[in-house]
Amino acid sequence: MCRRPNMLRRLSSHATEGLAAFFSSGKKDENLICSPSHNNEKQKTFDNSTESHPQHTIYFNPVVLFGSFISFAAIAFYAGVIIRILMLSNSETQLNGSTQTRNLSLSVATNWNVKQLPPPTVIPGKEVPPTTYTFQHFPVQGSRTNYDLHLPRLDELDDVVSMTNEDDSSDDSSDDSSDDEEDDIDDLMEGLHLPAGQHLLVDIKNVDPIFLNSEERLAEAMIQLVDESKLTLLSYHCHGLVPVGVSCAGVLLESHVAFHTWPTEGVIAMDLFTCGSGKLIPTLPSIQQLFGVKAAGEDSDDPMMLWSHKLRGFREGFVPGYSFDLNPLDSDLGAEILGSHNDVDIKNPIVSASETDYQTVDIYEILDPASRKLSDYYKSLEDDGSYESLHPEFYAPDLILLLDGRIQSSLHGDAPYHESIVHPAMITHPNPKRVAVIGGGEGATVREILKHSTLEKVVMIEIDEGVVNLSTKYLPGWQDCSSIAHHDGCAEWCFDDERADLRVEDALAYFNDNFGSSSITKSASENDLQEQFDVLIMDCLDPNDDHPFAKVLYTDDGYVTSLYDALTEDGILVVQVGEAVNSRSPSDENGDFENRSTMIKMLDAIGFKSIHIYEESHCQFGAPWTTLIAFKDVETRKRWYRSPAAVELDLSRRILPTKDGKTSLRYFDGATMKSYQMPSRAFEDNYC
């Protein structure tokens, strides 16, 4: 039996004449599927059927076929456009629904370049070298808008700058300020072509989603940030993404700035890279203000910013006169504070790169989740009667003071460090009345000395008044003597105490002039022995600091001798001598602490009867810290080895109590003193 697939049906009576003529021609159909049959009756029936109904074939007109294809293509295209619009509208609805508390209302842009974004600007007076601008767009389905803006041509830019200068010249009072601005611009241009730079990475959450989806507002914030940072934006490129989000990249004369936003999550991630000499850390408040826009609604959380700063490229060998040890960003500041990003919950620059007459001062507020929880800190700020709110001092972020990039003191390490450098010597001396402090600009060393009832006078010789003033303003706890202020002669602020004498001068000159070899020629009346000190504490530069003044403090024979002569016969010298050695450390003579070794040898040669080393491991310096104590007579040295009970008894008699009768010490006690009495095995191996 043979079958014609899909053909066993009558043709319509409306068939065309062409088709009828074609069928009447009796042309055989070649599209037959044939199979043998063993049923003759059925075969016969089929044959009779075909005789009564003539065979037919369908002819497909190419014009009709092409027209049908075009019609279906047009229908599919317009259906796709409609579906795309519905999808975009639906994504906007979903975004509104998932962020109802943020009151998000986004509009969908379906055309390119439908908004007018602000153009880049240039600081008046800043010279912009000729540049070329090239770009290439790639059609991507995920992008809904596209913007390219750049500085005008060089001749147009000259006209703008000249008009600005004419306006400035009309105001005579601005001459001095314009000169200063020119100096600043020269500084900013310095180092632009060196293979080194700074990289600032910033992440902010809890940001207004409407702001994060607005190319105009984000572009305005970027331009304002660049202007406030005294940088030059050559061009920038922004894309609005599908369904939401914005990505922008700006080309700076100094390098680049870029960011990406996630409106639904309320997050923006930014990086700023510059090759100039301008500092980036001071831009953080501007970034927080311009991009940390709080979402609408009373229940909205405050924006939270995480950031890190890194040095990039190569400096040694490229930057003239560069020294790794003299750059604060290459020291503790860069490695332990600025370089951390997600390692800390709070990192707030209280003072950033403040220049005094002698050094650079930085103060940072840090909350390390390894030691304190952010939730506990927030709870301590509430007035709900909880343990955290009653004892907020246990949950506060750390405050870290850095001088020339090196950690000098911290809030969490304040008591262990300053009490360990003061009270062991003070409690060992039988009756300390006069005490001198070399350095100690933050004031905490003087604070601890003032707690002793035997004290009559403490003289602090600090060369850098700027450190004292910055500590008074930003580290008030270091100079807070309110716990003993109720005693006669005491005060709330330590330097207002009648017994405190702050002298802003060079300690080297002070001791050489008053107790050096030149003072030997004075008569007994001129060189009054009452001016000598019972205890002398040197709390200044570390012996391994790559600083000329540090080498003099620890190795100058005349100065070290004057310290010996400044002490009474039973006097005690205390010197902080830096990081402790360990079992793998080389000898101080062959390592980084050559100055420490030299000083110990000099003290022995000058005439000190006993020299002792002890360590404190809780100063928050990243390693145990070492203090040297030297005794002028043997009898005083014997008191060093008293029992913890004897030390506790002496402390109860000498230390001025608080108003409620408790001790004003927070860390030091008899048991702590016991741990100081014997040096570590590593120091024994190093020196014995």
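Residues numbered from 1 in each chain as written. Predicted model: local features only at pLDDT ≥ 70, side-chain atom pairs only at ≥ 80, totals over all residues. Heavy atoms only, no water.

A.B. asks: Looking at this model, I keep getting lost on the layout of surface pockets. Mind explaining?
C.D. replies: Sizing a probe to match a water molecule and rolling it over the atoms shows the empty space that remains. Of the voids in this model, the largest pocket is the one considered here, and its volume is about 810 Å³. Taken together, 34 residues make up the lining of the largest pocket; nearest its centre are Gln198, Ser277, Arg315, Asn327 and Leu329. Residues that form the lining of the largest pocket fall into these classes: 17 nonpolar, twelve polar and five charged. Here the second largest pocket is characterised by a volume of approximately 630 Å³. Lining the second largest pocket are 30 residues; nearest its centre among them are Asn544, Asp545, Glu579, Asp592 and Phe593. Taken together, the elements giving at least two residues each to the lining of the second largest pocket come down to helix H9 (332–338), strand E13 (406–410), helix H16 (548–555), strand E18 (567–579) and helix H18 (594–606). Classifying every residue of the lining of the second largest pocket by side-chain character gives eight nonpolar, ten polar and twelve charged. (1 Å grid on protein atoms, 1.4 Å probe; cavity = no way out; pocket = protein on both sides within 12 Å on 5 of 7 lines; lining within 4 Å. Points joined across faces, edges and corners; volume = space filled by probe spheres on them. Nonpolar A, V, L, I, M, F, W, Y, C, P; charged D, E, K, R; others polar. Helix = DSSP H or I, 4+ residues; strand = E, 2+ residues; numbered from the N terminus.)

A.B. asks: Any chance you could explain the environment of isoleucine 350 here in plain terms?
C.D. replies: Within the fold, isoleucine 350 resides in strand E10 (residues 346–355). Note on isoleucine 350: relative accessible area 30%, which makes it partly exposed. Taking the C-alpha atoms as reference points, isoleucine 350 and leucine 401, separated by 51 residues in sequence, lie 9.8 Å from one another. Setting aside residues up to four positions removed in sequence, isoleucine 350 forms contacts with Ile363, Tyr364, Glu365, Leu399 and Tyr474. (Buried < 20%, exposed > 50% of the residue type's maximum accessible area, 1.4 Å probe, protein only. Contact = heavy atoms within 4.5 Å.)

A.B. asks: Would you mind showing me how to read the sheet that holds strand E6 (residues 246–252) here?
C.D. replies: Sheet strands pair via backbone hydrogen bonds, and the direction of the pair is either parallel or antiparallel. Here we have seven strands laid out as an open sheet, ordered E3-E5-E6-E7-E8-E4-E9, and antiparallel in their pairing. The strands lining the two open edges of the sheet, one partner per strand, are strand E3 (143–150) and strand E9 (304–313). Averaged over all pairs of adjacent strands, the angle between strand axes in this sheet comes to 10°, irrespective of strand direction. Direction of pairing for strand E7 (residues 255–262) relative to strand E8 (residues 267–274): antiparallel, over a ladder of eight bridges. Residue pairing in the sheet places valine 257 in a bridge with leucine 272 of E8. Packing against the sheet, helix H7 (residues 215–228) makes contact with E3, strand E5 (233–241), E6, E7 and E8, and its axis sits at approximately 155° to E5. (Pairing = 2+ DSSP bridges. Axes fitted to C-alpha atoms, helices over the stretch in contact; angles between N-to-C directions.)

A.B. asks: Help me understand the pattern of salt bridges, please; the structure alone is not making it clear to me.
C.D. replies: Pairing between side chains of opposite charge can happen when their charged atoms approach one another. Counted by the stated rule, this structure contains 13 salt bridges. Here aspartate 384 and lysine 379 are joined by a salt bridge, their closest N and O atoms 3.2 Å apart. (Salt bridge = Lys/Arg side-chain N within 4 Å of Asp/Glu carboxyl O.)

A.B. asks: Teacher, can you tell me more about a nonpolar patch on the surface here?
C.D. replies: A grouping of Phe77, Tyr78, Val81 and Ile85 is seen on the molecular surface, where their side chains present a nonpolar patch of about 420 Å² in accessible area. For tyrosine 78, the location among the structural elements is in helix H3 (residues 62–98). (Patch = residues over 30% accessible without salt bridge, like charges linked within 9 Å, V, L, I, M, F, W, Y side chains within 5 Å. Areas by Shrake-Rupley, 256 points an atom, 1.4 Å probe, with all protein chains shown as cover.)

A.B. asks: Is there a simple way to explain the sheet that holds strand E20 (residues 625–631) in this structure?
C.D. replies: As summarised here, the arrangement of the seven strands in space is E16-E15-E14-E17-E18-E20-E19, forming an open sheet in which the pairing is mixed. At either margin of the open sheet sits one strand with a lone partner, and together these are strand E16 (500–503) and strand E19 (610–616). Across the sheet, the axes of successive neighbouring strands diverge by a mean angle of 15°, strand direction being ignored. Sheet analysis places E18 next to E20, joined by six bridges and oriented antiparallel. Looking at the pairing, isoleucine 572 lines up with phenylalanine 631 of E20.

A.B. asks: Honestly, the pairing of E19 in this entry has me stumped. Any pointers?
C.D. replies: Remember that side chains alternate between the two faces of the sheet whenever the strand is regular. Taking burial as the measure, the seven residues of E19 include five buried ones, the bulk of the element. Sheet analysis places E19 next to E20, joined by seven bridges and oriented antiparallel. Within E20, the residue paired with tyrosine 614 across the bridge is threonine 627.

A.B. asks: Would you mind going over helix H12 (residues 414–428) with me for this structure?
C.D. replies: An α-helical segment advances 3.6 residues per turn. Residues three or four places apart therefore align on the same side. Look at H12: 22 Å from first C-alpha to last across 15 residues, which is about the 21 Å you get at 1.5 Å a residue. If you look at H12, its biggest bend is around 35°, right at serine 420, and the proline proline 424 turns up within four residues after that. A large share of H12 lies buried, amounting to 15 of its 15 residues. (Expected span 1.5 Å × (residues − 1). Bend = angle between axes of the 7 residues up to and from the residue.)

A.B. asks: Can you help me understand the pairing of E8 in this one?
C.D. replies: Summarising burial for E8: six of the eight residues are buried, a large majority. Of the pairings in the sheet, the one linking strand E4 (residues 196–205) to E8 comprises seven bridges and is antiparallel in character. Looking at the pairing, leucine 200 lines up with leucine 272 of E8. What sits between the antiparallel neighbours E7 and E8 is a turn of four residues, in which glycine 266 has the positive phi angle 70°.

A.B. asks: I keep staring at the state of the cysteines and nothing clicks. Help me out?
C.D. replies: Cysteine pairs can be covalently joined through their sulfur atoms, and such a bond is termed a disulfide. Applying the stated criterion across every chain yields a total of two disulfides. Here cysteine 238 engages in a disulfide with cysteine 248; their sulfurs sit 2.0 Å apart. In this structure, the disulfide formed by cysteine 238 and cysteine 248 twists by about 115° around the S-S bond and is classed as right-handed. Separated by ten residues along the polypeptide, cysteine 238 in strand E5 and cysteine 248 in strand E6 bring together distant segments of the chain. We classify cysteine 238 as buried; its relative accessible area is 0%. (Disulfide = S-S within 2.5 Å.)

A.B. asks: Please explain helix H8 (residues 284–291) as it appears in this structure.
C.D. replies: Residues Leu284, Ser286, Ile287, Leu290 and Phe291 constitute the buried set of H8. Down the axis of H8, the buried side of the element spans an arc of 155°, and every buried residue falls inside it. For H8, exposure combined with an orientation more than 90 degrees from the buried face picks out Pro285 and Gln289. (Arc of directions from axis to C-beta.)

A.B. asks: Explanation requested: the side chain of threonine 672 in the structure shown.
C.D. replies: Along the chain, the position of threonine 672 falls in helix H21 (residues 670–676). For threonine 672, the side chain forms a polar contact with the side chain of aspartate 669, separated by 2.7 Å. (Polar contact = N/O pair within 3.5 Å; in protein donor to acceptor, adjacent residues only side chain to side chain.)

A.B. asks: For this particular structure, what's the right way to read the environment of glycine 571?
C.D. replies: With respect to the helices and strands, the residue glycine 571 is situated in strand E18. Between the C-alpha atom of glycine 571 and that of phenylalanine 608, which follows or precedes it by 37 residues, the distance is 9.8 Å. Not counting residues within four places of it along the chain, the set of residues in contact with glycine 571 comprises Asp534, Ala630, Phe631 and Lys632.

A.B. asks: Explanation requested: the confidence of the model for the protein in the structure shown.
C.D. replies: If pLDDT is low for a region, its predicted coordinates should not be looked at in detail. Predicted confidence across the protein gives a mean pLDDT of 81, with 77% of residues reaching 70 or more. Ignoring residues within four places in sequence, the model shows residues 94–113, a span with pLDDT below 50, making 48 contacts including any to other chains. The model gives residues 163–178 a pLDDT under 50, and that stretch makes three contacts with residues more than four places away or in other chains. (pLDDT = per-residue confidence, 0-100.)

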